[in-house]
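Survey of secondary and tertiary structure
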Amino acid sequence: MAAVCVMVLGTSSGAGKSWLATALCRHYARLGLKVAPFKAQNMSNNARVVASPPENDRFAAGPPQGETAPPGGSDPRQRWSVGAEIGSAQYFQALAARAEPEVRMNPVLLKPEADTHSQYVLMGRVDPALTALPWRERGERAWPTVRAALHGLIAEHDVVVIEGAGSPAEINLMASDIVNLRVAREANARCLLVTDIDRGGAFAHLYGTWALLPEADRARIRGFVLNKFRGDAALLAPAPEQLQALTGVPTVGVIPMQWRHGLPEEDGVFDDRSNASGAVHTTVAVVAWPRISNLDEFQPLKNVPGVRLQWVRSPAEVAHLGAGDVVVLPGSKSTAADLAWLREQGLDRWVAGHAARGGRVLGVCGGLQVLGEALIDTEGIDGNAPGLGLLPLVTCFARDKTVRRTDARFAALTGPWAALSHVGLSGYEIHHGQTAPHPAMAAAGALAREVLPGLAWQNTAGNVLGLYLHGLFEDPRLLQALFGATVPTLDTVFDRLADALAAHLDAAALDALVTP
C-alpha cells in the first residue's frame, strides 16, 4: 500500500486549510478509503492527548524508583502512563478520517509561550534541546523525524490528507520550510490552494501565491478554492476564467460562509455571529487572556440553545452577570504572565466580585491554578505569583509535564455546581503544575472540597470550581447535566463538512486528486 497524497495549501493563515482538510478526510473515508491526516509542523496552543509511543513511555510500567504516583488512582500504570500531544486540528482530522489519532500525524507542535518564544514538541514530547535552538535551525534537525512520520503514514494508508501552514509563498521562510513545499515535494502531493474571499483580494492572493512558487511547485497546484463566500457565485465571473488563463489552474470550488459548521476553531476566538440562537438563559464569559490554550474546547457551547458564549478582555465588555451565569478562567500556556495581565485589566476584581455575589466561577487547568492562593515555581517553568485566593490551594510547577487522557466521575458537589454530582466525564490533562491544599490554611480548617481525586476542587460555598481536565464541554453527559441539552456529535459535524464539500467542489476534481 502506498498512499496518494492530497495537500491543502492556503494563501494565509485562517484561509480555511484546517476546515478543508477535515472535510476531505471524511469525504475520502466515506468512499471506503483508508485515510490519515498529516501536518508536519503546527503552531498552536490548542493540543490534544493521544496515546504515547510505548518505546518512549518511561512510566509505562509504573512510577520510576523513588517516585510515587499522584493521589487519586489505585492503578499505578493508569496514573503514570504518559500521553503525547498533537495539534487539535490533526486530532479532529483523524477522527474525521475514522482513524485513531497518533503522533505521526503531527510530528512537530510549536506551543507559543511568549511573542518571541515557543515550546518545541517533537513526536508528542517536549524537546528541550530543540526548544533552545534558534528558529531556523530547528527545522533541519527535526526533518528526518518529520520525513519518517510522513512515509510511515504513506505506507499504511490509501490517502494521506496533508495540511500546510500559513502560506507556501513566504519567501523569507522557504529555505528553512518543513511544512509546505518541502513536504509537498517529499509526498509528491496533489495540491489545492484555498483563500478566504471574505477578506477581499482573493484573486490577487491566489495569483500572487502561485506566482511566487518555484515553477515545479506551481505544477502541483490542481485547483483553487474560494472559501467563506457570501452572495451569488455567478457574480464572480469572469475572474475564475481569467485566473485560469493566467495560471492554467481551474477554480474547483466556491464554499459558502458557514458560521456554525461545528468544527472547533483552532486559531482564534469565536465570532459573535456564530452564537447559538434562541432566548439566552445563561452567559458563559470566558476570559481571553493573551496566552490562552485549548480554547477550542468551548466550541460546543456555541451549539447549546439558550447559551451565550462571550470572550472577555476587560470588565467593560461584560454586561451584568447573574448568579446563574458562568465566568471561566481557561487554560494558559503561561499562567503567571496571564495572571499578571488579568490584574492589569482589572479582571481579577471582576472575577472576585462575581464569585462574592454567588455567581458561578470555573477554572480549567491554568485557570484552576489562578484560582488558588499561590503559584510556586522553583524550576523556572512558569513563574511565581500570588493567586486570586478563591480556592485554598497552592500550585507547584514541576519540570515534567503531565500529558494524559483521563476518565473520571465527579463526587457529590454542592451549590450551583450540584448538577454535576456523580456525572462521569472523559477529558485530557496537559499541565506542568501540581495542585494541592494550602498546608497552613488546611491546618486552620480552610479546606477545598476535592470532587475529583487530585483533579478538581470546590469552595465551601459551592460556586467556585477548579479542575485540571480539559474537554469538559465536549462531553455530552456534562452538557446534559448542566444545560439539559444535546449538541450535534462530532461524527455528525464531519458528515456535514463532507456534504458541503460534495455540494460545492467539483466532483471530478475531488476524484482526480486520488486517482493513481
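Here the structure is a predicted model, which means the values were calculated and not measured. (Residues numbered from 1 in each chain as written. Predicted model: local features only at pLDDT ≥ 70, side-chain atom pairs only at ≥ 80, totals over all residues. Heavy atoms only, no water.)

1. Here's the deal with the overall build of the protein chain
In terms of regular secondary structure, the protein chain is built from 16 helices and 25 strands. For the protein chain, the proportion of its 516 residues judged to be buried stands at 58%. Relative to all contacts within the protein chain whose residues are 6 or more apart in sequence, the contacts with residues 24 or more apart total 76%. Accessible surface, the protein chain as shown: approximately 20,300 Å² in total, 53% of it carbon and sulfur. (Helix = DSSP H or I, 4+ residues; strand = E, 2+ residues; numbered from the N terminus. Buried < 20%, exposed > 50% of the residue type's maximum accessible area, 1.4 Å probe, protein only. Contact = heavy atoms within 4.5 Å. Areas by Shrake-Rupley, 256 points an atom, 1.4 Å probe, with all protein chains shown as cover.)

2. Overview of the sheet that holds strand E2 (residues 35-38)
Here six strands make up an open sheet; going across it, the order is E2-E9-E1-E10-E11-E12 and the pairing parallel. Lying at the two open borders of the sheet, with one neighbouring strand each, are E2 and strand E12 (251-256). Geometrically, the sheet is characterised by an average inter-axis angle of 20° between neighbouring strands, direction not taken into account. The sheet contact formed by strand E11 (residues 221-229) and E12 spans four bridges and is parallel. When the sheet's bridge partners are listed, Phe224 is paired in E12 with Thr251. (Pairing = 2+ DSSP bridges. Axes fitted to C-alpha atoms, helices over the stretch in contact; angles between N-to-C directions.)

3. Topic: the environment of Gly16
Here Gly16 is to be found in the loop between strand E1 (4-10) and helix H1 (17-30). Residues Gly16 and Val194 lie 178 residues apart in sequence; the distance between their C-alpha atoms is 6.7 Å. The contact partners of Gly16, leaving out residues within four places of it in the chain, are Val194 and Asn227.

4. Quick notes on empty space enclosed by the protein
Over the atoms, a rolled probe matching the size of one water molecule traces out where space is still vacant. Counted under the stated rule, the structure contains one cavity of 30 Å³ or more. In this structure, the largest cavity spans a volume of roughly 40 Å³. Around the largest cavity, the lining residues are Val284, Val326, Arg360, Trp417, Phe473, Leu482 and Phe483. Among the residues forming the lining of the largest cavity, the class breakdown is six nonpolar, no polar and one charged. (1 Å grid on protein atoms, 1.4 Å probe; cavity = no way out; pocket = protein on both sides within 12 Å on 5 of 7 lines; lining within 4 Å. Points joined across faces, edges and corners; volume = space filled by probe spheres on them. Nonpolar A, V, L, I, M, F, W, Y, C, P; charged D, E, K, R; others polar.)

5. Details of the confidence of the model for the protein chain
Across the protein chain, pLDDT averages 88, with 90% of residues at or above 70. Under a pLDDT of 50 for its full length, residues 55-81 has, in the predicted model, 37 contacts with residues more than four places off or in other chains. (pLDDT = per-residue confidence, 0-100.)

6. Comments concerning the packing of helix H7 (residues 202-212) against helix H9 (residues 239-247)
For the pair H7 and H9, interaxial distance at closest approach is 11 Å and the crossing angle is 10°. It follows from the interaxial angle that H7 and H9 lie roughly parallel. Between H7, through Phe203, Leu206, Tyr207 and Trp210, and H9, the contact on the second element is made entirely by Ala239, Pro240, Leu243, Leu246 and Thr247. Looking at side-chain class alone, the contact of H7 with H9 contains eight nonpolar, one polar and no charged residues. (Parallel < 35°, antiparallel > 145°, perpendicular 65-115°, else oblique.)

7. Comments concerning the nonpolar core
Formed by 86 residues in total, the largest nonpolar core has its most connected members in Leu20, Leu24, Tyr28, Phe38 and Ile162. With eight residues, H1 is the largest single contributor of residues to this core. Aside from chain neighbours lying at most four places away, what touches Ile162 is Cys5, Val6, Met7, Val8, Phe38, Leu150, Val183 and Ala187. With 67 residues, the next largest nonpolar core counts Ile292, Val327, Val361 and Trp457 among its residues. (Core = buried A, V, L, I, M, F, W, Y, C linked by side-chain atoms within 4.5 Å.)

8. So, helix H3 (residues 88-96)
Counting buried residues along H3, eight of its nine residues qualify, which places the element largely inside the surrounding structure. Listed as buried for H3 are Ser88, Ala89, Gln90, Tyr91, Phe92, Gln93, Ala94 and Ala96.

9. Structural notes on the sheet that holds strand E13 (residues 282-287)
Strand order in the open sheet formed by seven strands is E15-E13-E16-E18-E25-E24-E23, and the pairing between neighbours is mixed. Because the sheet does not close on itself, it has two edges, and the strands there are strand E15 (307-312) and strand E23 (449-452). Strand-to-strand twist across the sheet, computed as the mean angle between neighbouring axes with direction ignored, equals 20°. Alignment of E13 against E15, held across six bridges, turns out to be parallel. In the sheet register, Val286 faces E15, and the bridge partner there is Trp311.

10. Focus: the pattern of salt bridges
One pass over the full model with this rule turns up 24 salt bridges. In this structure, Glu163 and Lys39 form a salt bridge, with 3.2 Å as the shortest nitrogen-oxygen distance. One end of the pair, Glu163, is in strand E9 (residues 159-163); the other, Lys39, is in the loop between E2 and strand E3 (41-43), and 124 residues separate them in sequence. Relative accessible area serves as the criterion here: at 5%, Lys39 is assigned to the buried category. Its salt-bridge partner being Arg48, residue Glu474 comes within 2.7 Å of it at the nearest N-O pair. Here the residue Glu474 occupies a position in the loop between strand E25 (464-467) and helix H14 (476-483), and Arg48 occupies one in strand E4 (residues 47-50), the gap between them amounting to 426 residues. In this structure Glu474 comes out as partly exposed when scored by relative accessible area, which is 28%. (Salt bridge = Lys/Arg side-chain N within 4 Å of Asp/Glu carboxyl O.)

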